[in-house]
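Inside the fold
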Amino acid sequence: MMAIPAGTVQMGDTGQYVQLDSFWMSATELPYDLYLRFETKAKDNNTHSLDSAYSVDAVTRPSPQYMDYADGMGRRGGYPAVGMTQQAALRYCHWLYKKTGVFYRLPTEAEWEYACKANLGRSYDIDLYAWHWDNSGEAYHKAGEKKANAWGLYDMLGNVWEYTLDEYREDIYPNAQDTLSNPVNEPLSRYFRVVKGGGYDDDPEECSCINRMKASPTWQQRDPQIPKSEWWNPDSPFLGFRIVQPIQQPSSSEVDAFFARFIRYTDND
């Protein structure tokens, strides 16, 4: 986890100014070997920091994949975990909180963009920072092989797109007049989350701090389950996530309230 100082960011090139508190952010996209400990019961154990009744048998885990959601690129240690829904990413954060006693979550769109920009400037060699269509060989790569930005974050540009906490809206903060403080567009439905950064199969100009895309239900079209899985997107091998940790940790009741708000959509939503 890298320390990101408090500061202000302008969303996009000409958008709303946002003030952000300091936070920690994982230096890379979450690697598969760390996600596997949550995904597979046999990789977990009954150690815990919060709940004396914690048991791996009582933890809800992702359903087994019925096909290779990594599209032949491999599910290996050090490579990004991909193909999950935002619900699955948040449930990983919840599991990690139960295991460690430390609150982790997905970054807000504003936090992600602020951390990505990191005094990068407008002129830089994209090949130094990103795996993209021209240099990736049409596959994601092991995390941290490219150059880090000024705050020690790798692969913010390219490699795989990354989830944020926010629901996608065309006008990010349409009613804002003054600088906002730590904003988030809380989701109102299951789909259409903001994903950021571009990926290995995108053109170099698409791998930018301001580029954003709407997570789509079409990424679940090949899922034969009815209703569709809340865990997996068969057609998003280009999408993963990284996690953040607030400098000021919330209380246990505040953590419970957060997960109740953001992990609340069922298969029928």
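Quick caveat, the model's predicted, so the values are computed rather than measured.

Moving on to the pattern of salt bridges. Oppositely charged side chains are able to pair whenever their charged atoms sit close together. Applying the stated criterion across every chain yields a total of 13 salt bridges. Close ionic contact of Arg-212 with Glu-109 constitutes a salt bridge, the shortest N to O distance being 2.6 Å. Of this pair, Arg-212 sits in strand 8 (residues 212-214) while Glu-109 is found in helix 3 (residues 109-117), placing the two residues 103 residues apart along the sequence. Accessibility expressed as a relative area gives 17% for Arg-212, which makes it buried. Three or more residues are tied together by salt bridges with common partners; here these are Glu-109, Glu-113, Lys-117, Lys-196 and Arg-212.

The topology assignment puts Asp-155 in the loop between helix 4 (126-129) and strand 5 (161-167). For Asp-155, which is buried and forms no salt bridge, the nearest opposite charge comes from Arg-242, at a distance of 5.7 Å. The contacts of Asp-155, once residues within four sequence positions are left out, are Glu-29, Tyr-129, Trp-131, Lys-142, Ala-143, Gly-144, Lys-146, Glu-162 and Arg-242.

The biggest cluster of nonpolar side chains holds 46 residues, and the ones touching the most others in it are Tyr-35, Met-84, Tyr-92, Tyr-140 and Phe-241. Of all the elements in the fold, those that place two or more residues in this core are helix 1 (32-39), helix 2 (86-100), strand 5 and helix 5 (252-262). If one sorts the elements of this core by residue count, helix 2 sits on top with 8 residues. When neighbours within four sequence positions are excluded, Tyr-140 is seen to be in contact with Ala-70, Met-73, Gly-74, Tyr-79, Pro-80, Val-82, Asn-159, Val-160, Tyr-200 and Pro-237. By size, the runner-up hydrophobic cluster in this structure holds 27 residues, among which are Met-25, Leu-120, Tyr-129 and Val-244.

Scoring rules and cut-offs
- In every chain, residue numbers begin from 1 and rise along the written sequence.
- With pLDDT at 70 or above as the cut-off, local features in this predicted model cover only qualifying residues; side-chain atom pairs require 80 or more to be listed or tallied, and sums for whole chains, interfaces and linings still use all residues.
- The basis for every side-chain value is the complete set of non-hydrogen atoms in the structure, without hydrogens or water.
- Salt bridge criterion: a side-chain nitrogen from Lys or Arg within 4 Å of a carboxyl oxygen from Asp or Glu.
- Put simply, DSSP marks the helices as runs of H or I at least four residues long and the strands as runs of E at least two long, and each gets a number from the N terminus on.
- Each residue is assigned to one of three classes by its accessible area relative to the maximum for its type, calculated with a 1.4 Å probe on protein chains only: buried under 20%, partly exposed between the two thresholds, exposed over 50%.
- Asp and Glu count as negative and Lys and Arg as positive, but His and the ends of the chain are not part of the count.
- Throughout, a residue-residue contact means that at least one pair of heavy atoms, one from each residue, lies within 4.5 Å.
- Each nonpolar core is a collection of buried residues, namely Ala, Val, Leu, Ile, Met, Phe, Trp, Tyr and Cys, held together in the definition by side-chain atoms within 4.5 Å.

Keep in mind these values describe shape, not function.
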